[in-house]
Amino acid sequence: MTSTDSPDCLFCKIVAGDIPADVVASSDTAIAFRDIAPKAPVHVLVVPREHYPDVPALAASDPEGLAGVVALADGVATELGDGQYRLIFNTGPKAGQTVFHVHAHLLAGGELPGFA
């Protein structure tokens, strides 16, 4: 499934440039933009350009695409933070996923509480 197959998807619209976002980095396979409700000094969403509903679907269909999301997240964490970060993929509504276009939450920029 590609981003053109999901005309109502918020993140597909951001990838296409139809909805503005504070884009901080991009690659051939993914884009990274600031979260509108940040939970850390650096809170960026990293999304593949192609539409997949969740991270298992992306991993199964396009492992290189998943690697591209992780690589872009690492670069953003190095550029905007100190290279130390938390990368979270919410999968399913009970886990907190509200937009069903796979995306990683990159949290960085200082001491991050929890998960000690």
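In this text, all values refer to a predicted model and were calculated from it rather than measured experimentally.

Thresholds applied
- Residues numbered from 1 in each chain as written.
- Predicted model: local features only at pLDDT ≥ 70, side-chain atom pairs only at ≥ 80, totals over all residues.
- Heavy atoms only, no water.
- Helix = DSSP H or I, 4+ residues; strand = E, 2+ residues; numbered from the N terminus.
- Rg over C-alpha atoms; globule rule 2.2 N^0.38 Å.
- Buried < 20%, exposed > 50% of the residue type's maximum accessible area, 1.4 Å probe, protein only.
- Contact = heavy atoms within 4.5 Å.
- Areas by Shrake-Rupley, 256 points an atom, 1.4 Å probe, with all protein chains shown as cover.
- Lys, Arg positive; Asp, Glu negative; His and termini not counted.
- Charge placed at Lys NZ, Arg CZ, Asp CG, Glu CD.
- 1 Å grid on protein atoms, 1.4 Å probe; cavity = no way out; pocket = protein on both sides within 12 Å on 5 of 7 lines; lining within 4 Å.
- Points joined across faces, edges and corners; volume = space filled by probe spheres on them.
- Nonpolar A, V, L, I, M, F, W, Y, C, P; charged D, E, K, R; others polar.
- Phe/Tyr/Trp six-rings, centres within 6.5 Å; stacked < 30°, edge-to-face > 60°.
- Salt bridge = Lys/Arg side-chain N within 4 Å of Asp/Glu carboxyl O.

S.K.: Describe in detail the overall build of the chain, supporting the description with residues and values.
M.R.: Scanning the chain for helices and strands turns up three helices and five strands. Written out in order from the N terminus, the α and β elements of the chain read α-β-β-β-α-α-β-β. Rg of the C-alpha trace for the chain: 13 Å, near the compact-globule value of 13 Å for 116 residues, within the 12% margin. Taken along the three principal axes of its C-alpha coordinates, the chain extends 40 × 30 × 25 Å. The 116 residues of the chain split such that 38% are buried. Put simply, 51% of the contacts in the chain that link residues at least 6 apart link residues at least 24 apart. Total accessible area computed for the chain in this model is approximately 6,400 Å², and 56% of it derives from carbon and sulfur atoms. When the 6 basic and 14 acidic side-chain charges of the chain are each reduced to a single mean position, those positions are 10 Å apart.

S.K.: I'd love a proper account of the layout of surface pockets, names of residues and values included.
M.R.: Of the pockets and cavities examined, the largest pocket occupies roughly 290 Å³. Together, 19 residues line the largest pocket, and Leu10, Phe11, Asp35, Ile36 and Leu45 are the ones closest to its centre. When contributions to the lining of the largest pocket are tallied by element, the ones reaching two or more residues are helix H1 (10-16) and strand E2 (30-34). In terms of residue count, the dominant contributor to the lining of the largest pocket is H1 (three residues). Here the residues of the lining of the largest pocket are counted per class, giving 10 nonpolar, six polar and three charged.

S.K.: Go over the packing of aromatic side chains, please, and point to the residues and values.
M.R.: Tallied over the entire structure, the rule returns one aromatic pair. Both rings, one in Phe11 and one in Phe33, keep their centres 5.6 Å apart while their planes meet at 75°; by these two values the pair is edge-to-face. Of this pair, Phe11 sits in helix H1 while Phe33 is found in strand E2, placing the two residues 22 residues apart along the sequence.

S.K.: Account for the pattern of salt bridges, naming residues and giving values.
M.R.: As enumerated under the stated definition, the model contains one salt bridge in all. Taking the shortest distance from any N to any O, the salt bridge between Asp22 and Arg34 comes out at 3.2 Å. Highlighted residues: Asp22 in the loop between H1 and strand E1 (23-26) and Arg34 in strand E2, separated in sequence by 12 residues. Note on Arg34: relative accessible area 33%, which makes it partly exposed.

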